[in-house]
Amino acid sequence: GTSKLGGLLDISGASAGQIKFPATQNASSDVNTLDDYEEGTFTPSLGGSTTYTTRTGVYTKIGRMVWFDITLTVNVIGTGSTTTISGLPFAAAAGGDFGIMVSDFNNLANNVTWLAGRVNDGLSTVTLKGINAAGTVTNVTTIFGSGTFVLISGFYRV
């Protein structure tokens, strides 16, 4: 059923302040209705024949927003992508790229002084780019190599 409240919703009682959402989203057409909450894991990938020492992904989805963290250490790059990580849990909304934060990295395939990235418009991928040490190349196209480590956090709209 449906209940309407005319005042404060107090959830500090017997349920200890919890709000439970169903396992499957019950989507609402009302933009002011919070209808989804989810936490989970995913497996980030460079594809191809890449092998990994570490690869973890965790996310929290609240409504249309997804927050995520990726930890990735490449063992051998093989035929994998040198710029793009796939495997985000949801495709991003169309109409714009979403910036992310690279909080730590080492052993990149090229020397860079700046490294950034984005969740790609309409896709479930993250692409990284950088500026080389001389500052003359603004879109270094080879970031990942054997031994590369990155720690990435971000959020995007679905």
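Residues numbered from 1 in each chain as written. Predicted model: local features only at pLDDT ≥ 70, side-chain atom pairs only at ≥ 80, totals over all residues. Heavy atoms only, no water.

J.: What am I meant to see in the pattern of salt bridges here?
T.: Where charged atoms from two side chains of opposite charge come close, those side chains can pair. With the rule as written, the count across this model stands at 2 salt bridges. Residues D36 and K61 are paired through a salt bridge, measuring 2.5 Å at the closest nitrogen-oxygen approach. Placement of D36 in the segment before strand 1 (37-42) and of K61 in strand 2 (residues 51-62) is noted, with a sequence separation of 25 residues between them. For the pair shown, D36 and K61 are each scored as buried. In this structure, D97 engages R118 in a salt bridge whose closest nitrogen and oxygen atoms are separated by 3.3 Å. Here D97, found in the loop between strand 4 (84-86) and strand 5 (98-106), pairs with R118, found in strand 6 (residues 112-119); they are 21 residues apart in sequence, far enough to count as distant. For D97, a relative accessible area of 45% translates into the label partly exposed. (Salt bridge = Lys/Arg side-chain N within 4 Å of Asp/Glu carboxyl O. Helix = DSSP H or I, 4+ residues; strand = E, 2+ residues; numbered from the N terminus. Buried < 20%, exposed > 50% of the residue type's maximum accessible area, 1.4 Å probe, protein only.)

J.: Would you take a moment to explain the side chain of D35 for this structure?
T.: With respect to the helices and strands, D35 occurs in the segment before strand 1. Within the buried core, D35 has no salt-bridge partner, and the shortest N-O distance to an opposite charge, that of K61, equals 6.1 Å. Here the side chain of D35 touches Q25 through a polar contact of 3.0 Å, side chain to side chain. A distance of 2.8 Å separates the side chain of D35 from the backbone nitrogen of S28, its partner in a polar contact. The contact partners of D35, leaving out residues within four places of it in the chain, are F21, Q25, N26, A27 and S28. (Lys, Arg positive; Asp, Glu negative; His and termini not counted. Polar contact = N/O pair within 3.5 Å; in protein donor to acceptor, adjacent residues only side chain to side chain. Contact = heavy atoms within 4.5 Å.)

J.: When you look at the nonpolar core in this model, what are you seeing that I'm missing?
T.: Looking at soluble globular proteins, one finds that nonpolar side chains tend to be buried together. Ranked by internal contacts, the top residues of the largest apolar core, which has 28 residues, are F68, V119, L128, F144 and I152. Listed by contribution, the elements that provide at least two residues to this core are strand 2, strand 3 (65-76), strand 5, strand 6, strand 7 (125-132) and strand 8 (149-157). A per-element tally of this core places strand 3 first, with 5 residues. If we ignore the near neighbours within four places in the chain, the residues touching V119 are F68, L88, A92, D97, F98, I100, T125, V126 and Y156. (Core = buried A, V, L, I, M, F, W, Y, C linked by side-chain atoms within 4.5 Å.)

J.: Help me out: how do you make sense of the layout of surface pockets in this one?
T.: To find leftover empty space, one rolls a probe the size of a water molecule over the atoms. Its volume calculated, the largest pocket comes out at about 290 Å³. Residue classes in the lining of the largest pocket are distributed as 4 nonpolar, 4 polar and 3 charged. One number sums up the size of the second largest pocket: a volume of about 200 Å³. In terms of lining residues, the second largest pocket is bounded by Q25, A27, S28, S29, D30, V31, T33, L34, D35, K61, G63 and R64. (1 Å grid on protein atoms, 1.4 Å probe; cavity = no way out; pocket = protein on both sides within 12 Å on 5 of 7 lines; lining within 4 Å. Points joined across faces, edges and corners; volume = space filled by probe spheres on them. Nonpolar A, V, L, I, M, F, W, Y, C, P; charged D, E, K, R; others polar.)

J.: Hey, could you run me through the sheet that holds strand 8 in this one?
T.: Remark on secondary structure: sheet strands pair via backbone hydrogen bonds, oriented parallel or antiparallel. Taken together, 8 strands build an open sheet; the order of strands is 1-2-3-8-5-6-7-4 and the sheet is antiparallel. Edge positions in the sheet fall to strand 1 and strand 4, since each of these pairs with one other strand and no more. Going from strand to strand, the sheet's axes swing by 15° on average, the running direction of each strand aside. With 3 bridges joining them, strand 5 and strand 6 adopt antiparallel strand pairing. Paired with G99 across the strands is R118, a residue of strand 6. (Pairing = 2+ DSSP bridges. Axes fitted to C-alpha atoms, helices over the stretch in contact; angles between N-to-C directions.)

J.: Honestly, the side chain of N120 in this entry has me stumped. Any pointers?
T.: When you line up the elements, N120 lands in the loop between strand 6 and strand 7. The exposure class assigned to N120 is buried, which follows from its relative accessible area of 8%. Within polar-contact distance, the side chain of N120 engages the side chain of R118 at 3.0 Å. Polar side-chain contacts of N120 include one of 2.8 Å to the side chain of T127. Beyond its immediate chain neighbours, meaning those up to four positions away, N120 contacts A92, D97, T125, V126 and T127.

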